[in-house]
Amino acid sequence: MSDPIAKPVPGVDIPPRPGQRTGTRFQRVLRTISLRQVTGAPRRAAGPGEVIFAACFFGLSLILLLLLPFQTDWLPRTKAFVQPRFWPAVATLTMLVFSAGYLLRALAAHPSGGAWQEIKGWLRPLEFAAWFLAYVQLVPWAGYLLATALFTCALSWRLGYRSLRWMGLAALFALCTVLVFRSLLGVNIPSGAIYELLPAGDFRSFLMTRF
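Residues numbered from 1 in each chain as written. Predicted model: local features only at pLDDT ≥ 70, side-chain atom pairs only at ≥ 80, totals over all residues. Heavy atoms only, no water.

Section: the packing of aromatic side chains
Remark: the centre distance and the inter-plane angle together describe each pair of aromatic rings, the angle taken between the planes. Our working rule: Aromatic rings from Phe, Tyr and Trp, taking only the six-membered ring of Trp, are treated as a pair when their centres fall within 6.5 Å; an angle between ring planes under 30 degrees marks them as stacked, one over 60 as edge-to-face, and anything in between as tilted. Every helix listed is a DSSP run of H or I at least four residues long, and every strand listed is a run of E at least two residues long, numbered separately from the N terminus. Buried residues are those whose accessible area, probed at 1.4 Å on protein chains only, stays under 20% of the maximum for their type, while exposed residues exceed 50% and partly exposed ones sit between those limits.
Taken as a whole, this structure holds eight aromatic pairs when the rule is applied. When the centroid spacing of 6.4 Å and the interplanar angle of 70° are considered together, the rings of F53 and Y102 count as edge-to-face. Placement of the pair is F53 in helix α3 (residues 50–71) and Y102 in helix α4 (residues 86–108), with a sequence separation of 49 residues. According to the relative accessible area criterion, F53 is partly exposed, its value standing at 42%. Summarising the aromatic geometry, the rings of F53 and W122 are spaced 6.1 Å apart at their centres and angled 65° between planes, so their arrangement reads as edge-to-face. Taken together, the residues span a long stretch of sequence, with F53 in helix α3 and W122 in helix α5 (residues 115–142) at a distance of 69 residues.

See below:
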């Protein structure tokens, strides 16, 4: 798919008016060395948040490269290509070179709006990761069955399915999940501390073993 073509901007596609700014000095340098100046092709438009993504990827590559001496070894009297540090160094250097090129390409492109909306979309999955972490912390206290039922019903409510029908289906799904993994497959999951409140006997042992 071809890159979208943005509207022309002064200093790049059309001459600027007298006294009109054409971007920062760094942007003008990037535009000068861009592929458009060599081939005459129109400059593309950067996607929302593309510069931020490229900068983060370049920063990650740089951090991995700086940590390489502390995370890998270089063995004496060993060929270079079988060294523990050799291939990680090749991979991180490749990442760094290509992420730097991508960052320069993004900086040289036409800027586009909507970056904050794009970033919020990137951060949205972290909310559901937090839900799952809360579920993992709840299991040792409430037990597998109750914690799973609360987790599925809470997710159903969060996603907008808030009627009694959907709450019931979410609870039924939780019950089926517990029966499959705990009762049928015998997955070793710690019993909930809440079961300790029940009177000692076969019923408590049954709940602690199966649910």
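On we go from here.
A closer look at the packing of helix α6 (residues 144–158) against helix α7 (residues 164–184)
Note the cut-off: For helices, the fitted axis covers only the stretch in contact; all axes are lines through C-alpha atoms, and the angles between them, taken along N-to-C directions, range from 0 to 180 degrees. Left-handed describes a crossing whose near helix is turned anticlockwise from the far helix through less than a right angle; right-handed describes the clockwise counterpart. It only takes one pair of heavy atoms within 4.5 Å for two residues to be counted as in contact. Only Asp, Glu, Lys and Arg are considered charged in this grouping, and only Ala, Val, Leu, Ile, Met, Phe, Trp, Tyr, Cys and Pro are considered nonpolar; every other residue, Gly among them, is considered polar.
Remark: α6 packs on α7, axes separated minimally by 8 Å, with the N-to-C direction vectors making an angle of 145°. In the crossing of α6 with α7, the sense of the turn from one axis to the other is right-handed. Judged by residue contacts, Y144, L145, T148, A149, T152, C153, S156 and W157 of α6 engage W166, M167, A170, A171, F173, A174, L175, T177, V178, F181 and R182 from α7. Partitioned by chemical class, the residues of the contact of α6 with α7 number 14 nonpolar, four polar and one charged.

Description of α7
Definition in use: In this scheme, a helix's expected span is set at 1.5 Å multiplied by one less than its residue total.
The first and last C-alpha atoms of α7 sit 28 Å apart over 21 residues, in line with the 30 Å expected at 1.5 Å per residue. Next to the buried residues of α7 lie α6 and α8 (202–210). G186 sits one or two residues past α7 and shows a positive phi near 70°.

Details of the side chain of S99
Which entries qualify depends on this criterion: For the purposes of these results, a polar contact is taken to be a pair of N or O atoms within 3.5 Å, where, inside protein, one atom must be able to donate a hydrogen and its partner to accept one; residues adjacent in sequence count only when each atom of the pair is a side-chain atom.
Along the chain, S99 turns up in helix α4. For S99, the side chain forms a polar contact with the main-chain oxygen of M95, separated by 2.7 Å. Polar contacts involving the side chain of S99 include one to the main-chain carbonyl oxygen of L96, which spans 3.0 Å. Ignoring any residue separated from it by four or fewer positions in sequence, one finds S99 in contact with F57, F58 and S61.

Some points on α3
Applied cut-off: Across the chain, bend at a residue is computed as the angle between axes fitted to the seven residues ending at that point and the seven starting from it.
When the terminal C-alpha atoms of α3 are compared, their 30 Å separation across 22 residues agrees well with the 32 Å that a helix rising 1.5 Å per residue should span. At L65, α3 is bent by approximately 25°, the largest bend along its length, and proline P69 sits one to four residues beyond. Every buried residue of α3 is listed here: E50, A54, S61 and L68. Against α4 lie the buried residues of α3.

Some remarks on the nonpolar core
Put simply, the rule is: Side-chain atoms within 4.5 Å are what join buried Ala, Val, Leu, Ile, Met, Phe, Trp, Tyr and Cys residues into a set we call a nonpolar core.
Counting 11 residues, the largest nonpolar core is built from Y135, V139, A142, Y144, A147, F151, V178, I189, Y195, L207 and F211. Only α5 and α6 provide two or more residues apiece to this core. Beyond its immediate stretch of four places on either side in the chain, Y195 contacts G143, L145, R204, L207, M208 and F211.

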